[in-house]
Amino acid sequence: MIKRPLSVLLLGLGLAAVQPAHAVSGSSIELGSGDDSTNMARVALRWNWNKLWRIGQGWNATGFWEASLGHWDGDGAGSRSLWDIGITPVFRLSPNGSNFFLEGAIGAHLLSESKVNNRRDFGSSFNFGDHIGFGWSFGDRNRYELGYRFQHLSNAGISDPNDGINFHQIRFGYNY
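Read on for an overview of the structure.

Calculation criteria
- Residues numbered from 1 in each chain as written.
- Predicted model: local features only at pLDDT ≥ 70, side-chain atom pairs only at ≥ 80, totals over all residues.
- Heavy atoms only, no water.
- Helix = DSSP H or I, 4+ residues; strand = E, 2+ residues; numbered from the N terminus.
- Contact = heavy atoms within 4.5 Å.
- Areas by Shrake-Rupley, 256 points an atom, 1.4 Å probe, with all protein chains shown as cover.
- Buried < 20%, exposed > 50% of the residue type's maximum accessible area, 1.4 Å probe, protein only.
- Polar contact = N/O pair within 3.5 Å; in protein donor to acceptor, adjacent residues only side chain to side chain.
- Pairing = 2+ DSSP bridges.
- Core = buried A, V, L, I, M, F, W, Y, C linked by side-chain atoms within 4.5 Å.
- Phe/Tyr/Trp six-rings, centres within 6.5 Å; stacked < 30°, edge-to-face > 60°.
- Lys NZ or Arg CZ within 6 Å of the ring centre and 35° of its normal.

### What to know about the overall build of the protein
Across its full length, the protein holds one helix and 11 strands. Mapped in sequence order, the helices and strands of the protein form the string α-β-β-β-β-β-β-β-β-β-β-β. Within the protein, residue pairs in contact and separated by at least 24 positions form 58% of the contacts whose partners lie at least 6 positions apart. Accessible surface, the protein: about 8,800 Å² in total, of which carbon and sulfur atoms supply 61%.

What follows is the structure, given as structure tokens:
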């Protein structure tokens, strides 16, 4: 599936380990598969906003900044591997008293290559990444998260071509 996930994951865990505990709120690992058999692995660090907004009588909203580093492996003719660096504000919605959450986000991504293979050309290295997802927090003080994300990356028409790509991702997070 993914040729180099271990190096990406070790780099991300190393980055998390050197951060002061008060600076970073959590970290995560994502594995996913996308269009044209493109596989990805990503690590991320997060900084909670420490804000809670009540939505009606039954829901809460919160959010965090997520900085990520990912590696993609393309497939097919002209396939390439590329790196993805992103920064994304993530908004979460959860029912009162529940460990379930919904999330949505739109962020900026910088790719090391503008093509992942001969069929998928992003037109530029700068792309936008939006995602929707859901998940559950569990464990002692809800330190762990397991979730799913559907992510779309494209340049939003700022350059041609604008093939874009969709990923299905499984995410495991740890809250400090």
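Next, the rest of the story.
### Let's talk about unusual backbone geometry
Residue Pro-161 is bonded to the preceding Asp-160 through a cis peptide linkage, with omega at -10°. Inspection of the secondary structure assignment puts Pro-161 in the loop between β10 (144-154) and β11 (165-175). A positive phi angle is found at Asp-36, which is not glycine, with a value near 55°. Summarising the element assignment, Asp-36 is placed in the loop between β1 (26-34) and β2 (38-48). Positive phi is not limited to glycine here, since Ser-37 has a value of about 55°. Considering the arrangement of structural elements, one finds Ser-37 in the loop between β1 and β2.

### Some words on the side chain of His-109
Mapped onto the secondary structure, His-109 falls in strand β6 (residues 100-111). A residue is classified by how much of its surface remains accessible, and His-109, at 2% relative accessible area, is buried. Side-chain polar atoms of His-109 contact the side chain of Asp-84, separated by 2.8 Å.

### With respect to the pairing of strand β9 (residues 126-138)
Only one face of β9 is covered, namely the one carrying Asn-127, Gly-129, His-131, Gly-133, Gly-135 and Ser-137; the face carrying Phe-126, Phe-128, Asp-130, Ile-132, Phe-134, Trp-136 and Phe-138 has none of its residues buried. Relative to β9, β6 runs antiparallel, the two being bridged by 11 bridges. Directly across from Ala-105, in β9, lies its bridge partner His-131. As judged from the 11 bridges shared by β9 and β10, these two strands associate in the antiparallel manner. Note that in β10 the partner of Trp-136 across the bridge is Leu-146. Linkage of β9 to β10, two consecutive antiparallel strands, is achieved through a turn of five residues, within which Gly-139 is found at a positive phi near 90°.

### Considerations on the nonpolar core
Counting nine residues, the largest nonpolar core is built from Met-40, Trp-72, Leu-82, Leu-111, Val-116, Phe-122, Leu-153, Ile-165 and Phe-167. Those residues in contact with Phe-167 that sit more than four places away from it in its chain are Ser-33, Gly-34, Thr-38, Met-40, Trp-72, Arg-149, Phe-150, Gln-151 and Leu-153.

### Some remarks on the environment of Ser-125
Along the chain, Ser-125 falls in the loop between β8 (120-121) and β9. In sequence terms Ser-125 and Ser-112 are 13 residues apart; their C-alpha atoms lie 6.5 Å from each other. Among residues more than four places away in sequence, those in contact with Ser-125 are His-109, Leu-110, Leu-111, Glu-113 and Ser-114.

### Here we look at the packing of aromatic side chains
Summed over the entire model, instances satisfying the criterion amount to 12 aromatic pairs. Measuring from centroid to centroid gives 5.0 Å for Trp-49 and Phe-91, while their planes differ by 70°, and the two rings are edge-to-face. Highlighted residues: Trp-49 in the loop between β2 and β3 (53-55) and Phe-91 in strand β5 (residues 81-95), separated in sequence by 42 residues. Of the residues examined, Phe-91 reaches a relative accessible area of 48% and is grouped as partly exposed. An aromatic cluster of at least three residues, connected via ring pairs, comprises Phe-138, Tyr-144, Phe-172, Tyr-174 and Tyr-176. One cation-aromatic arrangement involves Arg-46 over Phe-64; the distance from NZ or CZ to the ring centre is 4.1 Å. Above the face of the Phe-101 ring, Arg-92 is positioned so that its terminal group lies 3.7 Å from the ring centre.

Treat this as a map of the structure, not an account of what it does.
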